Amino acid sequence: MTESRLNSFPRFAQTADAIGATTKKLEKIRILADYLRSLTVEDASIAAIFFTGRAFPRWEERVLSVGGSILWSAVERIANPEAGHADKTYLKHGDLGDMANELLQNHRAADHAPSHTDHLSLQKLAATFNNLAGLRGSGAKLVAIEELLRRAQPLEAKYIIKIATGDLRIGLRESLVEEAIARAFAKPPEDVRRANMLVGDIAATLQLAAAGDLSDAHIRLFHPIGFMLASPVDTPAEALEYFPEGALVEDKFDGIRAQAHKSGRTSKLFSRTLDEIVEFPELYAPLAALQGEFILDGEIIAWRDNRPLPFTELQKRLGRKQPDMWLLQDIPARFIVFDLLYADGELLLDRPLAERRKRLHVLLGGAANSEPNVPPPIAAHFRPPSSSPSPTIQLATTQPFTTVEQFEGAFLDSRQRGHEGIMLKDSASPYKPGQRGRYWLKLKRPLATLDVVVTSVEYGHGKRRGLLSDYTFAARADDGRLVNIGKAYSGLTDAEIQQYTDYFLKHTVKDFGSWRTVEPAVVLEVAFNNIQRSSRHESGYALRFPRIVRIRTDKSPDQIDTLDRVREIFVKQDSTDGSKHAGE
Ligand code: AMP
């Protein structure tokens, strides 16, 4: 095989198919290891990322944002199937990638398509994903993805689509990719796992393994590591289910996550994308004034007149490396610290959170034997510990709470003081770089809830295959018509989904195969994070991250919310929550 063939994407796709064809874990690892070993380190790094089912490394916030409908349209535009055939094919597989593979193969067999001689390489595909992530608007994305898929063989299209949807579905978890790297480069799996935890980047881990430098993967000052992330919960009661013995509760600050590194007189801040943050020079000196060498985790927020400013204010400081005096005074930044990852040569990731917090308290100027977790009076929440060197760097207050009422109280209190909600953390938990797990939970108030009516329903994927589980819903426009404002797939129990599948099958208006319009009769109460303008829906608006709170059997469709109410919330959100956090 020639060099260009080795790094071709068809070969990636064949390898992925072979991995998917066996259920044996060791066999999967062997196939992947052989493949990785056959590539240059640069190509193997890209392949490793793709094999984790991602277009970009795990720590990156960047996403392709190419939804199922764009992929579907692109495939239809290329394969041009007879009416209804795409729906049938999709239902057969329950997977867009497999649907594309079959439709494009049929199309190819019918000899409509050119045969390709130039193979898409891993590097070319990575570059195309880069471009795609930067495009704005679904129209532009559709054009780009169609062009990409036209250049691809059916089997390649299958895996491009699977990567775009975030799951290869070949039974390969990231831990198996780590094991394959260990095998490919004859390194102990434990070393690869540890390195990947520290660097939070499977591509970088592979490079270290290839160079025999896994032991270099210790935390290095001024080399940021992945951030530990939180999983969302919708209610205090749900949080208690995860933490029946209680949790450490902190405010959820609405700012910019930052990791501070400090050694000698130098201090630097890094963002979640592991890039340096350079816009808040007023934080450097107070950080450098703290004792010793360390890595802190926290949130930069804007703070004025004893209150946090909305994120939209802080945003005004982004992109300005040298803010003028006016900006510094008008939008002063603070760094609220909630974790300590490393101090004076000691890696603290595996220590329990409660211990890390104690050390953090001392580092920020509290007395070693005072208790950092006792809740202070509310008014004192954001005062630094009295001996803290600067009000600019502050310790986040943590309170050990054990009941739903306490969680609820902390949540309302936090909102009242201008924060986003609360974070609940397991006091015994290690710090897991780059991972979103259940050790940290976030509870944010939904912006509002709306009562809406279901207008069309769609079959789900995976476990929900064959069930009508995805609901498009509408509000009522000024002229009385129903206009769609979003689509929700979460919030109902399996029993409810089954029950409503039966219901919708009987109340279908028109069957389009994978989806059907239904009689507008079922009223839902939906929660959501914010509202965006949308050209996709006739209403002009789309709810972001909608989830079904409950089915309002007590309401009829003539009692649902109006488009006016949607507009009202849309306008209001900018003065309260803002509409940021695209990645959350
Ligand atoms: P996620 O990024 O999905 O884990 O959402 C949590 C985000 O909330 C983090 O990225 C942080 O920027 C932010 N955050 C705000 N307050 C806290 C806190 N007390 N602990 C951890 N993260 C926090």
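Residues numbered from 1 in each chain as written. Predicted model: local features only at pLDDT ≥ 70, side-chain atom pairs only at ≥ 80, totals over all residues. Heavy atoms only, no water.

So, on to the overall build of the chain. Scanning the chain from N- to C-terminus turns up 21 helices and 22 strands. Rg of the C-alpha trace for the chain: 26 Å, near the compact-globule value of 25 Å for 584 residues, within the 12% margin. Dimensions of the chain along its principal axes, counting C-alpha atoms only, are 75 × 65 × 50 Å. Taking as baseline every contact in the chain between residues at least 6 positions apart, the subset at least 24 positions apart corresponds to 71%. With the model as given, the accessible surface of the chain reaches about 25900 Å², and the carbon-plus-sulfur share is 50%. Looking at the chain, you have 76 positive and 77 negative side-chain charges, and the mean spots of the two groups are 1 Å apart. (Helix = DSSP H or I, 4+ residues; strand = E, 2+ residues; numbered from the N terminus. Rg over C-alpha atoms; globule rule 2.2 N^0.38 Å. Contact = heavy atoms within 4.5 Å. Areas by Shrake-Rupley, 256 points an atom, 1.4 Å probe, with all protein chains shown as cover. Lys, Arg positive; Asp, Glu negative; His and termini not counted. Charge placed at Lys NZ, Arg CZ, Asp CG, Glu CD.)

Around the ligand lies a shell of 16 residues, among which E250, R272, E299, R436 and K442 are the nearest. Within the side chain of R257, a nitrogen or oxygen atom sits 3.4 Å from an oxygen atom of the ligand. At 2.5 Å from an oxygen atom of the ligand is found a side-chain nitrogen or oxygen belonging to R436. Considered on its own, the ligand offers 470 Å² of accessible surface; in the complex 97% of this is hidden by protein. At the level of secondary structure, the elements contributing two or more residues to the shell around the ligand comprise β1 (229-233), β2 (247-252), β12 (421-425) and β13 (436-444). The residue makeup of the shell around the ligand, split by class, is six nonpolar, no polar and ten charged. (Near = heavy atom within 4 Å. Polar contact = N/O pair within 3.5 Å; in protein donor to acceptor, adjacent residues only side chain to side chain. Nonpolar A, V, L, I, M, F, W, Y, C, P; charged D, E, K, R; others polar.)

Model confidence for the chain is summarised by a mean pLDDT of 88, while 91% of its residues fall at 70 or above. Contacts of residues 368-389 to residues separated by more than four positions or lying in other chains number 38 contacts, the stretch itself having pLDDT below 50. Low pLDDT, under 50, characterises residues 575-584; the stretch is placed with 24 contacts to residues that sit more than four places away or in other chains. (pLDDT = per-residue confidence, 0-100.)

Taking 1.5 Å per residue as the helical rise, helix α19 (residues 404-416) with its 13 residues ought to reach 18 Å, and the 18 Å between its terminal C-alpha atoms agrees with that figure. All buried positions along α19 are accounted for by F407, A410, F411, D413, S414 and R415. Looking at the buried positions of α19, the neighbouring elements they touch are α14 (236-242), β2, β11 (399-401), β12 and β13. Positive backbone phi, at 95 degrees, marks G418, one or two positions downstream of α19. (Expected span 1.5 Å × (residues − 1). Buried < 20%, exposed > 50% of the residue type's maximum accessible area, 1.4 Å probe, protein only.)

Glancing now at the sheet that holds β12. Taken in spatial order, the five strands of this open sheet run β1-β13-β12-β2-β11, and their pairing is mixed. Single-partner strands in this sheet number two, and they are β1 and β11. With direction set aside, neighbouring strand axes in the sheet form an average angle of 40 degrees. Relative to β13, β12 is paired through five bridges, and the arrangement is antiparallel. Note on β13: the bridge partner recorded for M423 is K442. Packing of α19 onto the sheet brings it into contact with β2, β11, β12 and β13, and relative to β12 it is tilted by some 140 degrees. (Pairing = 2+ DSSP bridges. Axes fitted to C-alpha atoms, helices over the stretch in contact; angles between N-to-C directions.)

Let us now look at the pairing of strand β17 (residues 508-511). In the sheet, β17 pairs with strand β18 (residues 515-518) via three bridges, with the strands oriented antiparallel. By the bridge assignment, D511 is partnered in β18 with R516. Between the antiparallel neighbours β17 and β18 lie three residues, among them G513 with a positive phi of about 90 degrees.

Time to look at helix α13 (residues 202-211). Every buried residue of α13 is listed here: I202, A203, T205, L206, L208 and A209. Here the buried face of α13 lies against α3 (25-38), α4 (41-51), α11 (174-184) and α12 (189-199). Where α13 starts, the residue carrying a side-chain oxygen 2.9 Å from the main-chain nitrogen of A203 turns out to be D201. Directly after α13, the chain includes G212, whose backbone phi takes a positive value near 70 degrees.

This part is about the packing of aromatic side chains. Scanning all chains against the criterion turns up 16 aromatic pairs. A ring pair is formed by F50 and F129, whose centres lie 5.5 Å apart and whose planes are at 80 degrees; its orientation type is edge-to-face. In this pair, F50 is assigned in helix α4 and F129 in helix α8 (residues 122-134), connecting sequence segments 79 residues apart. Of the residues examined, F50 reaches a relative accessible area of 1% and is grouped as buried. Seen in terms of ring centroids, Y503 and F504 are 5.4 Å apart; in terms of plane orientation they differ by 80 degrees. Their pairing is edge-to-face. Residue class for Y503 comes out partly exposed when judged on its relative accessible area of 26%. (Phe/Tyr/Trp six-rings, centres within 6.5 Å; stacked < 30°, edge-to-face > 60°.)

Per the stated rule, a full pass over the model turns up 41 salt bridges. For K555, the salt bridge identified is with D451, shortest N-O distance 2.6 Å. Here K555 is found in the loop between β22 (547-551) and α21 (563-575), whereas its partner D451 is found in strand β14 (residues 449-459), with 104 residues between them in sequence. A relative accessible area of 23% means that K555 is categorised as partly exposed. Judged by its relative accessible area of 8%, D451 is buried. When salt bridges with common partners are traced through the structure, they connect D17, D95, D98, K158, K162 and R169 into a single cluster. (Salt bridge = Lys/Arg side-chain N within 4 Å of Asp/Glu carboxyl O.)

This paragraph deals with the nonpolar core. Counting residues in hydrophobic clusters, the biggest one holds 74 residues, and the most contacted among them are F9, F12, L36, F51, F129 and I145. Beyond its immediate stretch of four places on either side in the chain, I145 contacts V66, I70, L71, A74 and L132. With 33 residues, the next largest nonpolar core counts A448, V457, L467 and F504 among its residues. (Core = buried A, V, L, I, M, F, W, Y, C linked by side-chain atoms within 4.5 Å.)

Here S456 shows up in strand β14. Ignoring any residue separated from it by four or fewer positions in sequence, one finds S456 in contact with D470, Y471, T472, W515, R516, T517 and V518.

Once that is clear, we can look at the pairing of β14. Of all eleven residues that make up β14, nine are buried, and the element is covered over most of its length. As paired elements, β14 and strand β15 (residues 468-476) share six bridges and run antiparallel to each other. Of the residues in β15, the one forming a bridge with Y459 is L468. Bridging between β14 and β18 involves three bridges; their strand directions are antiparallel. From the neighbouring strand, S456 faces β18, where its bridge partner is T517.

Right, let's get into the packing of α11 against α12. As a packed pair, α11 and α12 sit with axes 8 Å apart at the nearest point and diverge in direction by 125 degrees. Classified by the angle their axes make, α11 and α12 are oblique. α12 is crossed by α11, and the crossing has right-handed handedness. Contacts from E174, E178, E179, I181 and A182 in α11 reach P189, V192, R193 and N196 in α12. Grouping the amino acids of the contact of α11 with α12 by side-chain chemistry returns four nonpolar, one polar and four charged. (Parallel < 35°, antiparallel > 145°, perpendicular 65-115°, else oblique. Left-handed = near helix turned anticlockwise from the far one by under 90°.)

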